[in-house]
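Here is how the chains run, residue by residue.
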Amino acid sequence: GLLVARSYDIFRALEDCDRLKSYFEQEICATGLFMENADPTHLGPDGEPPHRRLGEPWYPCDAVAEKYRAPCFQFSARKYAILAGYDPRRAFERCRTLEASDDRQHCYRGASGTFGFAPPELAIRQWPCTAAPAEGRRMCAITMAMAAVDQNKKLGEGVALCQRAPEELKAACFRGVGTIMAY
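Note that the structure is predicted; figures quoted are calculated from it, not measured.

Asks: How should I be thinking about helix α8 (residues 155-164) in this particular structure?
Replies: Along an α-helix, a turn takes 3.6 residues, which lines up residues three or four apart on a common side. Buried within α8 are the following residues: G158, L161 and C162. For α8, the arc enclosing every buried residue in end-on projection is 95 degrees, short of the 170-degree limit, so these residues lie on one face. Those residues of α8 that are exposed and aimed more than 90 degrees away from the buried face are G156, Q163 and R164.

Asks: When you look at the state of the cysteines in this model, what are you seeing that I'm missing?
Replies: Put plainly, two cysteines are in a disulfide when a covalent bond ties their sulfur atoms together. A full pass over the atoms with the stated rule returns 5 disulfides. Each sulfur in the disulfide pair C95 and C107 lies 2.0 Å from the other. Because the sign of the S-S torsion sets the handedness, a value of about -75 degrees for the bond joining C95 and C107 places this disulfide among the left-handed ones. Of this pair, C95 sits in helix α5 (residues 88-96) while C107 sits in helix α6 (residues 101-116), and the two are 12 residues apart along the sequence. With relative accessibility at 1%, the residue C95 sits in the buried group. Classification of C107 by relative accessible area gives buried; the value is 1%. C129 shares a disulfide with C140; S-S distance 2.1 Å. Its S-S torsion of about -80 degrees marks the bond between C129 and C140 as left-handed, since a negative value means left-handed. With a gap of 11 residues between them, C129 in the loop between α6 and α7 (134-152) and C140 in helix α7 connect regions that are remote in the sequence. Here the two residues C129 and C140 agree in accessibility, since each one is buried. Indicated for the chain is the disulfide connectivity 1-2, 3-4, 5-6, 7-8, 9-10, based on numbering the bonded cysteines in sequence order.

Asks: How should the packing of helix α3 (residues 23-38) against helix α4 (residues 66-83) be read in this particular structure?
Replies: A pair of packed helices is characterised by two quantities: the angle between their axes and the separation of those axes. In the contact formed by α3 and α4, the axes pass within 9 Å of each other and the chain directions differ by 25 degrees. Between α3 and α4, the angle is such that the two are roughly parallel. Two packed elements cross with a definite hand, and for α3 against α4 that hand is right-handed. Every residue of α4 that contacts α3 at Y23, Q26, A30, T31, F34, M35 and A38 is listed here: K67, Y68, P71, C72, F75, S76 and K79. Here the residues of the contact of α3 with α4 are counted per class, giving 9 nonpolar, 3 polar and 2 charged.

Asks: Would you take a moment to explain unusual backbone geometry for this structure?
Replies: As a rule of thumb, non-glycine residues mostly have phi less than zero, and peptide bonds are mostly trans rather than cis. Omega for the bond connecting Y59 with P60 falls within 30 degrees of zero, at 15 degrees, which places this linkage in the cis form. Relative to the helices and strands, P60 resides in the loop between α3 and α4. One non-glycine residue, Y8, lies in the positive phi region at around 65 degrees. The residue Y8 is located in the loop between α1 (2-5) and α2 (10-18) in this model. Among the residues examined, Y8 registers a relative accessible area of 18% and is labelled buried.

Cut-off values and rules
Residues numbered from 1 in each chain as written. Predicted model: local features only at pLDDT ≥ 70, side-chain atom pairs only at ≥ 80, totals over all residues. Heavy atoms only, no water. Buried < 20%, exposed > 50% of the residue type's maximum accessible area, 1.4 Å probe, protein only. Helix = DSSP H or I, 4+ residues; strand = E, 2+ residues; numbered from the N terminus. Arc of directions from axis to C-beta. Disulfide = S-S within 2.5 Å. Axes fitted to C-alpha atoms, helices over the stretch in contact; angles between N-to-C directions. Parallel < 35°, antiparallel > 145°, perpendicular 65-115°, else oblique. Left-handed = near helix turned anticlockwise from the far one by under 90°. Contact = heavy atoms within 4.5 Å. Nonpolar A, V, L, I, M, F, W, Y, C, P; charged D, E, K, R; others polar.

If you want it as structure tokens, here you go:
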């Protein structure tokens, strides 16, 4: 992909995205870069991208333009959730280290989507969103439901997921099902 062609220099690759004509094209291009950047097969032996900065766990997300922060934090959170063995507590704890509330919400969304796509053999028994801090539980329920329905294109699986949700998260979960079904 473009990121590999730019030797993992995310900022040069983002400049290429910025040259596209429409905002939509730029956003899709950048989202693809962050998806590629978070791909565990593109990581070094220490589990980090080749362009990371020691002591800066959220780089490059904390250094990109505002318009690119959301997809960067979302895909970084997905990578960390996978590397944490789909352990919701570890994934959400990482999100809590972010200072800005918007950045934390993007992180919760990314990690939550990962749990909706979790391999069935993991059989996540607890509802992962209960491990999120209070500020991230609603976003978690919406995103996890959207991911679960989107993956399988089956409304029934989303409904079943939401029926298992804790009472305080059922409405948010069903909102996620309704949102993805509207697409």
